[in-house]
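Structural characterization, general
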Amino acid sequence: MLETTEKTNELKTVAVQKDTWILEVPPEVCKNEGFAEGTLISLTLKNDSISGVYLKPSKEIEDFVSKVVDEELEYFEEIKQIGD
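Let us look at the overall build of the protein. The helix and strand inventory of the protein stands at three helices and four strands. Going from N to C terminus, the protein has its helices and strands arranged as β-β-α-β-β-α-α. Put simply, the protein has 84 residues, and 21% of those count as buried. Counting contacts in the protein only where the partners sit at least 6 residues apart, residues at least 24 apart contribute 24% of the total.

Written out as structure tokens, the structure is:
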């Protein structure tokens, strides 16, 4: 049965590029699933469906995410202001 807690109802979007979102898996989900804290998930829209892949923490992924965030920093700031 699915349990809902206040801590799991928010997902942190780390990066967005075209039709792919990189999200941070909440710590309590990582703990329950046996993933390292900081695990990311990539969700991609393709052919009328969503494909998901867990991305284990690594230097390559950190560098990729940092690059995307740096490239899209102005966009992220605008989105943040809209949410406030």
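Here the narrative resumes, following the displayed structure.
Within the secondary structure, T20 is located in strand β2 (residues 20–24). Considered as a pair, T20 and G52 are 32 residues apart in the sequence and their alpha carbons are 9.6 Å apart.

What counts and what doesn't
- Residues numbered from 1 in each chain as written.
- Predicted model: local features only at pLDDT ≥ 70, side-chain atom pairs only at ≥ 80, totals over all residues.
- Heavy atoms only, no water.
- Helix = DSSP H or I, 4+ residues; strand = E, 2+ residues; numbered from the N terminus.
- Buried < 20%, exposed > 50% of the residue type's maximum accessible area, 1.4 Å probe, protein only.
- Contact = heavy atoms within 4.5 Å.

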